[in-house]
Amino acid sequence: MKPNKNVVSLAIILLLLIGCKTLPATPTGLVTEKAMVVSAREEASKIGVEILKKGGNAFDAMVATEMALVVAYPFAGNLGGGGFMVYRKSDGTTGALDYREKAPLSATKDMYLDSSGNVIPDMSTVGATAVGVPGTVAGMIAVHDKFGKLPLEEIFAPVIALAQNGIVVTQKQAEHFEAYRDEILEVNGGSTTFPIDAKPGDILKYPVLAKTLQRISEQGRDGFYKGETATSLAAFIQQNGGFVTVEDLAEYEAIWRTPIAFNYKDLRIISMSPPSSGGITLNQIFRMMEPYKVSKYGHNSEKEIQLFTEAARRAYADRNYYLGDPDFVDIPKETLLSDAYLKKRMESFSFKKATKSSDIQEGNVQMAESMETTHYSIVDHEGNAVSVTTTLNGAYGSKLYSDELGFFLNNEMDDFSAKAGVPNMFGLIGAEANSIAPEKRMLSSMTPTLVERDGKLWMVVGTPGGSTIITAVAQTILNAYEFNMSMQKAVDAPRFHHQWLPDVIMFEPQGFSNQLKDELRSKGYNINEERTPIIGKVNAIRILPDGHLEGGADRRGDDTAVGF
């Protein structure tokens, strides 16, 4: 029987269409079959995986990984700070936990201003006066109470052993110690038991921290917020001029929140809600870019950089003026995320020339670099996933170290607006929405994020980096989705940043040609040549079509993916 010409033609067309479909990127990072933890230190990732192998789930591994980072990565891992977690259970249900620090009960709107109404230098950034009420331990206990499978003591056991037996100092860690040595010594009166003079290869043991962790392991929340730890901590802060009291600690609670979820083409992106600015700002950036054929422009091309910069410029302007703690301020979320509003925001955009930030809002500030946060991503063998970003704010937080308890304290009070229109240490301008009030949580850029594709979990992603967090997360997702990169390549790719003010594009040192920068300058873009720091240390996981996991551990740090 002779084949029907129409049938043959249709078959050929179908084969061509199938052939044209972009195949998923070949993995270049670690690939595992069942579960994975990607964090800033190998020790923490290994302990998280150890808990998973013992039958724990992603939430148990979260507690273990976070506590292990306290020991292995004191630069940002913490008991004295706070953070955010976004989760997706294997059945597709999602949620978020806010364990962000809070202002003490004695806090006032003008507490960091002098008699003339000017911001007092260093008061909100260095030492005990900068410390907000820590939320990390409350967050870990809340997660364990709601979702944990293993006993708390079993989860803490390998972390306590790590503190007792010691960690090996890496080259990058030794460089951190050296960079902040003098400042830490100055804040702590010239001496500290923290091993600030450690060199690469040294083994550091933390016996005092091990005892603090043991109390939490045995007593749960009360092992930190009441009793011996709370009394010692409050007394230490107040002796050094700070504001946190025993009452502040006893009253602290982590809060379960609804994450920000939105669609970008055929992706479903789930990110942190206020007081994180991440989800709303990410939403605005992506949806302002959505009408454009991003992949056609080419990765880090002139047009892609222009489009991303202009969307980020507008989103950050909104972030700085409208966002704050939702328990204290009314955020016009529906307006900020509406199609009509976002369309109007981009009406002034043209590929022919830059939009000036001064045309969107007035202001002129200097930018400061921030890398002093840490992020980890976890997927377990059941398909549960958590994306967690935690911080002390600055490197080693306020630089204040408790010799009696074995950990650094945050300087998160600087994330409030000490005075409307005056930039914080990361160059971010704030407004009344983020002003200081008792028990209020300060605005954050932390952006722990999950991504679904075709209704299934596709990516777990997040990064440190202060004001650069949101743009680093967005670019990593775009790298994997629009430019079909593997997870590791998407994480490692060169990044750039714009945050409305100052009106400059910041590029990482490598990966952007002088010709590209000159072309952007010719269109009116300001290039920041003075500051070219690394932007973020992204830790991410991609779920492959066969269900295996690919880790993306950022080459910019000691970050490591571990799994089985």
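Residues numbered from 1 in each chain as written. Predicted model: local features only at pLDDT ≥ 70, side-chain atom pairs only at ≥ 80, totals over all residues. Heavy atoms only, no water.

For the chain, an unreviewed UniProt entry supplies the name Glutathione hydrolase proenzyme and the organism Pricia antarctica. Under the UniProt heading Subunit (unreviewed entry), the note attached to the chain is "This enzyme consists of two polypeptide chains, which are synthesized in precursor form from a single polypeptide." The heading Sequence similarities (unreviewed entry) in the UniProt record of the chain holds the text "Belongs to the gamma-glutamyltransferase family." (UniProt positions renumbered as here; feature names shortened; annotations may be inferred.)

### Description of the UniProt feature "active site" (unreviewed entry) in the chain
Under the present numbering, the feature "active site" (unreviewed entry) in UniProt falls on Thr-373. For Thr-373, a relative accessible area of 5% gives the class buried. Leaving out residues up to four positions away in the same chain, Thr-373 has contacts with Tyr-73, Ala-76, Thr-389, Thr-390, Thr-391, Asn-393, Met-446, Pro-464 and Gly-465. A distance of 3.1 Å separates polar atoms of two side chains, one belonging to Thr-373 and the other to Thr-391. (Buried < 20%, exposed > 50% of the residue type's maximum accessible area, 1.4 Å probe, protein only. Contact = heavy atoms within 4.5 Å. Polar contact = N/O pair within 3.5 Å; in protein donor to acceptor, adjacent residues only side chain to side chain.)

### Structural notes on the packing of helix α3 (residues 58–72) against helix α4 (residues 136–147)
Where α3 contacts α4, the axes come no closer than 9 Å and their chain directions differ by 160 degrees. Here α3 lies roughly antiparallel to α4, going by the angle between them. With respect to the hand of their crossing, α3 and α4 are arranged in left-handed fashion. Packed against α3, whose contacting residues are Phe-59, Asp-60, Met-62, Val-63, Glu-66 and Met-67, the element α4 presents Thr-136, Met-140, Val-143, His-144 and Phe-147 at the interface. Of the residues in the contact of α3 with α4, the class split is seven nonpolar, two polar and two charged. (Axes fitted to C-alpha atoms, helices over the stretch in contact; angles between N-to-C directions. Helix = DSSP H or I, 4+ residues; strand = E, 2+ residues; numbered from the N terminus. Parallel < 35°, antiparallel > 145°, perpendicular 65-115°, else oblique. Left-handed = near helix turned anticlockwise from the far one by under 90°. Nonpolar A, V, L, I, M, F, W, Y, C, P; charged D, E, K, R; others polar.)

### Section: the sheet that holds strand β4 (residues 94–99)
Taking strand neighbours across the sheet as the criterion, the seven strands line up as β7-β4-β3-β11-β10-β2-β20 in an open arrangement whose pairing is antiparallel. Whereas interior strands pair on both sides, the edge strands pair on one side only; in this sheet they are β7 (255–257) and β20 (560–563). Taking the axes of each pair of neighbouring strands and ignoring which way they run, one obtains an average angle of 15 degrees across the sheet. Alignment of strand β3 (residues 82–88) against strand β11 (residues 385–391), held across seven bridges, turns out to be antiparallel. For Phe-84, the partnering residue across the bridge sits in β11 and is Thr-389. Across the sheet, α3 is in contact with β2 (36–39), β3, β4, β10 (373–379) and β11; its angle to β10 comes to roughly 150 degrees. Contacts between α4 and the sheet are confined to β3, β4, β7 and β11, with β4 contributing the most and set at about 150 degrees to the helix. (Pairing = 2+ DSSP bridges.)

### What about the pairing of strand β9 (residues 267–271)?
The buried fraction of β9 amounts to four of the five residues, a majority that puts the element mostly inside the structure. Sheet topology places strand β8 (residues 260–264) next to β9; five bridges connect them, and they run antiparallel. When the sheet's bridge partners are listed, Ala-261 is paired in β9 with Ile-270. Connecting β8 to the antiparallel partner β9 that follows it, the hairpin turn spans two residues, and Lys-265 within it adopts a positive phi of roughly 55 degrees. As paired strands, β9 and strand β14 (residues 449–453) are joined by five bridges and run antiparallel to one another. Looking at the pairing, Ser-271 lines up with Thr-449 of β14.

### Section: the packing of aromatic side chains
Throughout the structure, instances matching the rule amount to 33 aromatic pairs. Residues Tyr-292 and Phe-349 carry aromatic rings whose centres are separated by 5.8 Å and whose planes lie at 80 degrees to one another, so their mutual orientation is edge-to-face. One end of the pair, Tyr-292, is in the loop between α11 (278–289) and α12 (294–297); the other, Phe-349, is in the loop between α15 (339–345) and α16 (357–360), with 57 residues separating them in the sequence. A relative accessible area of 10% means that Phe-349 is categorised as buried. Taken together, Tyr-73, Phe-75, Phe-177, Tyr-180, Phe-194, Tyr-206, Tyr-396, Tyr-401 and Phe-408 form an aromatic cluster joined through their ring pairs. (Phe/Tyr/Trp six-rings, centres within 6.5 Å; stacked < 30°, edge-to-face > 60°.)

### Here's the deal with unusual backbone geometry
In most cases, non-glycine residues show a negative phi, while peptide bonds are predominantly trans. In the segment running from Pro-274 into Pro-275, the intervening peptide bond is cis, with an omega of 20 degrees. Mapped onto the secondary structure, Pro-275 falls in the loop between β9 and α11. Cis peptide bonds are those with omega within 30 degrees of zero, and the linkage from Leu-501 to Pro-502 qualifies with 0 degrees. With respect to the secondary-structure elements, Pro-502 resides in the loop between β16 (496–497) and β17 (506–507). Not every positive phi belongs to a glycine, and Asp-122 is a case in point at roughly 75 degrees. With respect to the element layout, Asp-122 can be found in the loop between β4 and α4. For Asp-122, a relative accessible area of 52% puts it in the exposed group.

### Focus on the domain arrangement of the chain
When the parts of a complex come together, some accessible area is lost, and that lost area is often used as the size of the interface. What the domain assignment lists for the chain is domain 1 (42–81 + 100–256 + 397–438) and domain 2 (257–369 + 447–563). Averaged C-alpha coordinates put domain 1 and domain 2 at centres separated by 27 Å. (Domains from an automatic or database assignment.)

### As for the nonpolar core
Considering soluble globular proteins, one finds that nonpolar side chains tend to be buried as a cluster. Grouped together as the largest cluster of nonpolar side chains are 87 residues, with contacts concentrated most on Met-62, Leu-79, Met-85 and Leu-213. The greatest single-element share of this core, amounting to twelve residues, is contributed by α3. Every residue in contact with Met-85, bar those within four places of it in the chain, is listed here: Phe-59, Met-62, Gly-95, Ala-96, Leu-97, Tyr-99, Val-143, Trp-256, Met-272, Val-386, Ser-387 and Val-388. Listed in part, the 84 residues of the second largest apolar core include Ile-270, Met-289, Ala-385 and Val-473. (Core = buried A, V, L, I, M, F, W, Y, C linked by side-chain atoms within 4.5 Å.)

### Considerations on the packing of α11 against helix α13 (residues 302–322)
In contact at an axis separation of 9 Å, α11 and α13 are set at 145 degrees when each is read in the N-to-C sense. With respect to the hand of their crossing, α11 and α13 are arranged in right-handed fashion. The residues of α13 that touch α11, namely those facing Thr-281, Gln-284, Ile-285, Met-288 and Met-289, are Leu-307, Phe-308, Ala-311, Ala-312, Arg-314, Ala-315, Tyr-316, Asp-318 and Arg-319.

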